[in-house]
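Residue-level structural notes
The primary structure of each chain is shown beneath.
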Amino acid sequence: MQNAEYSCEYGSLKFYALCGVGGVLSCGLTHTGVVPLDLVKCRMQVDPQKYKSIFNGFSVTINEDGVRGLAKGWAPTFIGYSMQGLCKFGFYEVFKILYGNMLGEENAYLWRTSLYLAASASAEFFADIALAPMEAAKVRIQTQPGYANTLRQALPKMFAEEGIWAFYKGVAPLWMRQIPYTMMKFACFERTVEALYKYVVPKPRSECTKGEQLVVTFVAGYIAGVFCAIVSHPADSVVSVLNKEKGSSASQVLMRLGFKGVWKGLFARIIMIGTLTALQWFIYDSVKVYFRLPRPPPPEMPESLKKKLGLTE
């Protein structure tokens, strides 16, 4: 069923490919845009004596490296997160449809939160494998002064020191940080959109303009982002310290940081991740609108289930 308003069928290869393009743009652009904030956050986590707060961190960095110093690590960030976005959003759509078909229409509705969680976790598993090498290079460039200034310098040097392992040793902590984060990001977003249309927006989605729909997307994205930041922050602190120190394990770092230590820099991260998640969903949805991709309305109870539950006349 291909009608004129859509450029392709829901669940077709073209649909997945264009969703992947949306993912590349949404993750690549947003993460590259916040490189300065991310750089200061990483340095605060790794060297809290020197970089005491966000503002202090910015001024110390600018004093030492100039304004250009704030853009350190932009290349691995752009490449890494573009690859991650491709896999994250592209595979999410694949797994959502795949698992939904496995469950059947009624169960897919009843268990929709679990469906979002499972599909996003599966997608993120692959997305992190794509991201890991660039994330490792980025942390080196940003937090080890004098190690390397560009991606072209960092990659051969890391390979010479530790071989291929240098690029993938961070993948397990990355899964620890990103999988809960992504599960929260997708499930929370999907349910928030559903709730906003049900309780906040005065008219059904089909009557909203594209612009109004994108505003709902942005708001739901921000709300989801706040939850994401809180859920994944302790693991994020551990990842930053781990990549800097050779030879320590995640559990050792966790013990040493303690309960208070892992929550350092949370407020900065809430602002960063909230804005980031909102923008990512906004860009992703805008790409879908631009390419005229089918965007299914918020889930409704299947007719067959309404009959079973005696909800129909």
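Residues numbered from 1 in each chain as written. Predicted model: local features only at pLDDT ≥ 70, side-chain atom pairs only at ≥ 80, totals over all residues. Heavy atoms only, no water.

1. Focus: empty space enclosed by the protein
The test is simple: Site definitions follow a grid-based scheme: protein atoms alone, a 1 Å grid, a 1.4 Å probe that fits but cannot get out for cavities, and for pockets an open set with protein on both sides within 12 Å along at least five of seven lines, plus lining residues having an atom within 4 Å of a point. Grid points are joined across faces, edges and corners, and a volume is the space filled by probe spheres set on the points. The numbering of helices and of strands both runs from the N terminus, where a helix is a DSSP run of H or I of at least 4 residues and a strand a run of E of at least 2. For this classification, the nonpolar set comprises Ala, Val, Leu, Ile, Met, Phe, Trp, Tyr, Cys and Pro, the charged set comprises Asp, Glu, Lys and Arg, and every other residue, Gly included, is treated as polar.
Summed over the entire model, instances satisfying the criterion amount to 2 cavities of 30 Å³ or more. Reported here for the largest cavity is a volume of approximately 220 Å³. Lining the largest cavity are 23 residues, with H31, D38, Y81, R177 and M272 positioned closest to its centre. Those elements that place two or more of their residues in the lining of the largest cavity are α2 (35–46), α4 (74–103), α6 (112–143), α9 (171–200), α10 (210–244) and α12 (266–290). Classifying every residue of the lining of the largest cavity by side-chain character gives 10 nonpolar, 5 polar and 8 charged.

2. Things to note about the layout of surface pockets
When its volume is computed, the largest pocket comes out at roughly 960 Å³. As for the largest pocket, its lining consists of 33 residues, and the residues nearest its centre are Y10, K96, P296, P297 and P299. Of all the elements in the fold, those that place two or more residues in the lining of the largest pocket are α4, α5 (105–110), α6, α9, α10 and α12. Element by element, the count of residues in the lining of the largest pocket is highest for α4, at 6 residues. Here the lining of the largest pocket is composed, by residue class, of 18 nonpolar, 5 polar and 10 charged. Computed from the structure, the second largest pocket encloses a volume of approximately 600 Å³. Considering the residues around the second largest pocket, the lining is formed by 23 residues, among which P204, R205, S206, P297 and P298 are closest to the centre. When contributions to the lining of the second largest pocket are tallied by element, the ones reaching two or more residues are α9, α10 and α12.

3. Side note on the UniProt feature "transmembrane region" (unreviewed entry) in the protein
The criterion, for reference: UniProt positions are given in the numbering used here, feature names are shortened, and annotations may be inferred rather than shown by experiment.
When the UniProt feature table is mapped onto this chain numbering, "transmembrane region" (unreviewed entry) sits at residues 15–40, 214–235 and 266–284. Helix makes up 96% of residues 15–40 and strand 0%, with an end-to-end C-alpha separation of 38 Å. Helix makes up 100% of residues 266–284 and strand 0%. Its end C-alpha atoms lie 26 Å apart.

4. Notes on unusual backbone geometry
Of note in this structure, R292 is not a glycine but carries a positive phi near 55°. Mapped onto the secondary structure, R292 falls in the loop between α12 and α13 (303–308).

5. Remarks on the pattern of salt bridges
Worth spelling out the cut-off: What makes a salt bridge here is a side-chain nitrogen of Lys or Arg within 4 Å of a carboxyl oxygen of Asp or Glu, nothing more. Burial classification: accessible surface area is computed with a 1.4 Å probe over protein chains only, and a residue below 20% of its type maximum counts as buried, one above 50% as exposed, and the rest as partly exposed.
The final tally for this structure, using the stated rule, is 20 salt bridges. Close ionic contact of E93 with K288 constitutes a salt bridge, the shortest N to O distance being 2.9 Å. Here E93, found in helix α4, pairs with K288, found in helix α12; they are 195 residues apart in sequence, far enough to count as distant. Across this residue pair, the class does not change: E93 and K288 are buried. As a salt-bridge pair, R191 and E194 come within 3.5 Å of each other at their nearest N and O atoms.

6. As for α4
The condition that has to hold: By this rule, a helix spans an expected 1.5 Å times one less than how many residues it contains.
Between its first and last C-alpha, α4 extends 42 Å over 30 residues, near the 44 Å set by a 1.5 Å rise per residue. Just downstream of α4, G104 is the residue with a positive phi angle, here 90°.

7. A closer look at the packing of aromatic side chains
Short version of the rule: When the centres of two rings from Phe, Tyr and Trp lie within 6.5 Å, Trp using its six-membered ring, the rings pair. Their planes under 30 degrees apart give stacked, over 60 give edge-to-face, and anything left gives tilted.
This model, assessed by the stated rule, comprises 18 aromatic pairs. Look at F91 and F95: their rings are 6.1 Å apart centre to centre, the planes differ by 45°, and that puts the pair in the tilted class. Here F91 pairs with F95, and both are found in helix α4, just 4 residues apart, close to one helical turn. Among the residues examined, F91 registers a relative accessible area of 32% and is labelled partly exposed. Consider the rings of F186 and W281, whose centres lie 5.1 Å apart with planes at 75°: the pair is edge-to-face. Here F186 is found in helix α9, whereas its partner W281 is found in helix α12, with 95 residues between them in sequence. For F186, a relative accessible area of 0% puts it in the buried group.

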